[in-house]
Amino acid sequence: MTDITSDITSDVKPEISPNFHKSAFAEKRLKARYGREMRFRWFGRAAIAMAMGALLWLLVSLVGTGYTAFRQNFMTVDITLEESVLDPTGARDAQALRGANYRKIMQDTLYAQFPDVTERRAKQELFGIVSASGATNQVRQMVFNDPSLVGQTITLTVPTSDQVDQLLKGYIDRDLPEDRRKVTDQQIEWVDTLIERGAIKSKFNLLFFTNPDSSDPELAGIGGAVVGSVMILGIAFILAFPIGVGAAVYLDEFAPQNKFTDFIEININNLAAVPSIVFGLLGLAVFLNFFGMPRSIPLVGGMVLALRVFPTIIIATRASLRSVSPAIVDGALSLGASRVQAVFHQKLPQAGPGILTGSIIGMAQALGETAPLLMIGMVAFVTEVPSSITEPATALPVQIFLWSDKAERAWAERTSAAIMVLLVVLICMNGFAIWLRGKLEKRRS
């Protein structure tokens with residue numbers, strides 16, 4: 001039999017019998033090739049199945065833990081804003097109204113729901129049904145904004161305490177002995193009575209999307225973190241996009257081809273693979289320690305993330321530029337256009353969809369970064385929604401990191417819910433990049 005493998009690299013063509021492909025040897029090799037192909041297909045399918053299973057497990061775990069955070073139990077009560085408690089002098093002074101005893105107003109309102117409760121300890125348990133700080137601050141803000149409310153009776157909806165909220169969501173077992181749960185038997189009886197009266201109802205948790213961080217789980221929200229993330233991403237895009245695109249255009253079209261340019265290109269490619277915490281250390285050393293800029297402000301966070309996405313934008317831009325046919329630039333040059341005109345008027349618009357897509361994906365990657373922001377102090381406990389890029393703020397990934405470190409069950413559902421919001425934002429950004437690329441390519445064609 002002819003040894004095909006030994007002759008395949010030689011110049012002499014092997015003598016192959018006309019019936020070689022029907023021989024037992026050929027059929028055996030063909031069967032082996034088909035077997036390898038089949039095994040490769042099954043390995044690929046198994047890999048995809050494992051990836052889909054892991055993704056499904058992650059989503060089910062997140063949704064199963066976090067979907068309850070989008071609803072919360074609230075209590076609706078009629079509150080009498082007694083003038084003798086809030087403003088005995090009747091001067092309606094703003095500072096006096098801000099420092100008035102709103103806690104007593106809320107306590108009297110709760111005690112009026114169950115007049116038979118007279119013992120001090122029982123009253124404390126009764127007041128623990130609602131969010132003490134949330135209710136009092138809500139009333140204080142309403143009176144501060146409208147002092148004419150003093151002396152009136154208003155209807156107010158306040159969040160219940162996190163223990164009561166967890167009880168009504170089924171995370172606290174009613175059948176456990178009283179000493180093994182945080183809600184007493186008496187509180188459960190009061191809560192059931194208030195539900196029968198229609199005072200406590202489950203509603204969409206708008207506070208989760210509008211409130212900043214709080215030490216009380218029932219009041220904690222992602223509003224401040226979302227605003228901080230938007231500011232950080234905006235600054236990072238403003239800084240990184242024009243510089244990154246400009247650098248890529250120069251390196252690809254105008255830079256001399258020498259060893260120094262090769263050195264720059266190699267280092268830019270290496271920067272894209274550097275761990276993100278290194279950029280945080282760079283921001284800490286340069287922006288905070290050398291320039292003395294404040295910690296925890298979106299301006300510094302945006303500058304650090306701009307350094308992080310800068311290599312990604314350059315690489316995406318250069319890849320898009322190289323995908324454009326050289327004939328376009330050659331045609332422009334042959335018609336008398338300068339090199340700058342040919343690149344900026346002809347080549348760069350053709351590469352636009354790829355540049356924008358790569359930039360948006362780079363920004364989406366920056367949105368999920370936590371380590372560099374931790375290094376520049378954006379891990380602070382911020383209880384206000386920032387109104388400018390120089391006010392203390394945090395970012396959504398950092399907020400998730402902070403909540404994940406807390407042990408109470410109420411924080412676990414908020415952590416999962418915040419991750420779900422972050423994933424939705426990332427999916428929307430990637431979807432927008434795909435839609436934008438398709439739209440621009442369609443317009444170009």
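All values derive from a computational prediction rather than experimental measurement.

Engineer: Honestly, the overall build of the protein chain in this entry has me stumped. Any pointers?
Structural biologist: Counting its regular elements, the protein chain contains 19 helices and three strands. In summary, the protein chain has a C-alpha radius of gyration of 32 Å against a globular reference of 22 Å for 445 residues, an excess of more than 25%. Each principal axis of the C-alpha distribution contributes one length, and for the protein chain these read about 110 × 65 × 45 Å. Going through the 445 residues of the protein chain one by one, you find that 41% of them count as buried. Partitioning the intrachain contacts of the protein chain with sequence separation of at least 6 by distance along the chain shows that 76% fall at a separation of at least 24.

Engineer: Would you explain the side chain of E253 in this entry?
Structural biologist: The topology assignment puts E253 in helix α11 (residues 223-254). Of the polar contacts made by the side chain of E253, one reaches the side chain of R339; its length is 2.8 Å. At a separation of 2.4 Å, a polar atom in the side chain of E253 contacts the side chain of K347. If we skip the residues at most four places from it in the chain, E253 touches R339, V343 and K347.

Engineer: I'm lost on the packing of helix α13 (residues 276-290) against helix α14 (residues 298-322) in this one. Help?
Structural biologist: In a pair of packed helices, the angle between the axes and the distance between the axes together describe the arrangement. Put simply, α13 and α14 touch, their axes get as near as 9 Å, and they point 135° apart. By the angle between their axes, α13 is oblique relative to α14. Where α13 crosses over α14, the handedness of that crossing is right-handed. Listed contacts from α14 to S276, F279, G280, L282, G283, F287 and L288 of α13 are V300, M303, V304, L307 and R308. Tallied by class, residues from the contact of α13 with α14 come to eight nonpolar, three polar and one charged.

Engineer: Which parts of the structure should I look at to understand the side chain of R414?
Structural biologist: Looking at the secondary structure, you find R414 in helix α19 (residues 409-444). Only 2.7 Å separates the side chain of R414 from the side chain of Q72, close enough to count as a polar contact.

Engineer: What's the story with the sheet that holds strand β2 (residues 153-159) in this structure? I'm lost.
Structural biologist: Strands belonging to one sheet form pairs held by backbone hydrogen bonds; the direction of such a pair is parallel or antiparallel. With antiparallel pairing, three strands are arranged side by side in an open sheet as β2-β1-β3. Each edge of the open sheet is held by one strand with a lone partner, namely β2 and β3 (200-204). Adjacent strand axes in the sheet meet at a mean angle of 40°, parallel and antiparallel pairs treated alike. Of the strand pairs in this sheet, strand β1 (residues 71-80) and β2 are connected by seven bridges, and their pairing is antiparallel.

Engineer: Is there a simple way to explain helix α6 (residues 120-127) in this structure?
Structural biologist: An α-helix turns once every 3.6 residues. As a result, residues three or four positions apart point the same way. Among all positions of α6, only A122, E125, L126 and F127 are buried. Turning to α6, the residues buried within the fold contact α5 (102-113), α7 (132-145) and α9 (185-196).

Engineer: How should the environment of V329 be read in this particular structure?
Structural biologist: Within the secondary structure layout, V329 lies in helix α15 (residues 326-334). Residues V329 and V226 lie 103 residues apart in sequence; the distance between their C-alpha atoms is 43 Å. Here V329 is in contact with R339, A342 and K347, once residues within four sequence places are set aside.

Engineer: Please explain the pattern of salt bridges as it appears in this structure.
Structural biologist: Working definition: two side chains of opposite charge can pair if their charged atoms are close together. This model, assessed by the stated rule, comprises 16 salt bridges. Residue E83 pairs with R92 through a salt bridge whose shortest N-O separation is 3.2 Å. The shortest N-O distance in the salt bridge between R92 and D87 comes to 2.7 Å. Note on R92: relative accessible area 29%, which makes it partly exposed. Salt bridges sharing common partners tie together D165, K169, E413 and R414.

Engineer: I'm lost on a positive patch on the surface in this one. Help?
Structural biologist: A surface patch of like charges, here positive, comprises R29, R33, R36 and R39. As for its position among the elements, R33 is in helix α2 (residues 24-66). Taking relative accessible area as the criterion, R33 reaches 42% and is therefore assigned partly exposed.

Engineer: What is the right way to read the packing of aromatic side chains from this model?
Structural biologist: Two aromatic rings are characterised by how far apart their centres lie and by the angle between their planes. Summed over the entire model, instances satisfying the criterion amount to 10 aromatic pairs. Ring geometry for F204 against F209: centres 5.8 Å apart, planes inclined by 15°, an arrangement best described as stacked. Joined through ring pairs, the aromatic side chains of F70, F204, F208, F209, W403 and W411 make up one cluster. Against the face of Y111 rests K123, its NZ or CZ located 5.0 Å from the ring centre. Over the face of the ring belonging to F114 we find R197, whose NZ or CZ atom lies 4.9 Å from the ring centre.

Engineer: Looking at this model, I keep getting lost on α7. Mind explaining?
Structural biologist: With 14 residues, α7 extends 20 Å between its outermost C-alpha atoms, agreeing within 8% with the 20 Å of an ideal straight helix rising 1.5 Å per residue. Taken together, the buried positions of α7 are G134, A135, T136, V139 and V143. Elements that come into contact with the buried residues of α7 comprise β1, α3 (83-86), α4 (94-98), α5 and β2.

Engineer: When you look at the pairing of β1 in this model, what are you seeing that I'm missing?
Structural biologist: On a regular strand, one side chain projects to one face of the sheet and the next to the other, so that they alternate. Note: β1 against β3, five bridges, orientation antiparallel. Opposite N73, over in β3, you have S202 as the bridge partner.

Engineer: How should I be thinking about the nonpolar core in this particular structure?
Structural biologist: One broad trend across soluble globular proteins is that nonpolar side chains are buried collectively. If you look at the biggest cluster of nonpolar residues, it comprises 55 residues, and the most contacted ones within it are F208, L373 and L396. In terms of residue count, the dominant contributor to this core is α19 (10 residues). In this view, F208 contacts A69, F70, A220, G221, I222, G223, W403, R414, A417, A418 and V421; residues no more than four positions away in its chain are not counted. Core analysis: the next-biggest nonpolar cluster, separate from the first, contains 34 residues, L86, I105, L110 and L149 among them.

Cut-offs and rules
- Residues numbered from 1 in each chain as written.
- Predicted model: local features only at pLDDT ≥ 70, side-chain atom pairs only at ≥ 80, totals over all residues.
- Heavy atoms only, no water.
- Helix = DSSP H or I, 4+ residues; strand = E, 2+ residues; numbered from the N terminus.
- Rg over C-alpha atoms; globule rule 2.2 N^0.38 Å.
- Buried < 20%, exposed > 50% of the residue type's maximum accessible area, 1.4 Å probe, protein only.
- Contact = heavy atoms within 4.5 Å.
- Polar contact = N/O pair within 3.5 Å; in protein donor to acceptor, adjacent residues only side chain to side chain.
- Axes fitted to C-alpha atoms, helices over the stretch in contact; angles between N-to-C directions.
- Parallel < 35°, antiparallel > 145°, perpendicular 65-115°, else oblique.
- Left-handed = near helix turned anticlockwise from the far one by under 90°.
- Nonpolar A, V, L, I, M, F, W, Y, C, P; charged D, E, K, R; others polar.
- Pairing = 2+ DSSP bridges.
- Salt bridge = Lys/Arg side-chain N within 4 Å of Asp/Glu carboxyl O.
- Patch = residues over 30% accessible without salt bridge, like charges linked within 9 Å, V, L, I, M, F, W, Y side chains within 5 Å.
- Areas by Shrake-Rupley, 256 points an atom, 1.4 Å probe, with all protein chains shown as cover.
- Lys, Arg positive; Asp, Glu negative; His and termini not counted.
- Charge placed at Lys NZ, Arg CZ, Asp CG, Glu CD.
- Phe/Tyr/Trp six-rings, centres within 6.5 Å; stacked < 30°, edge-to-face > 60°.
- Lys NZ or Arg CZ within 6 Å of the ring centre and 35° of its normal.
- Expected span 1.5 Å × (residues − 1).
- Core = buried A, V, L, I, M, F, W, Y, C linked by side-chain atoms within 4.5 Å.

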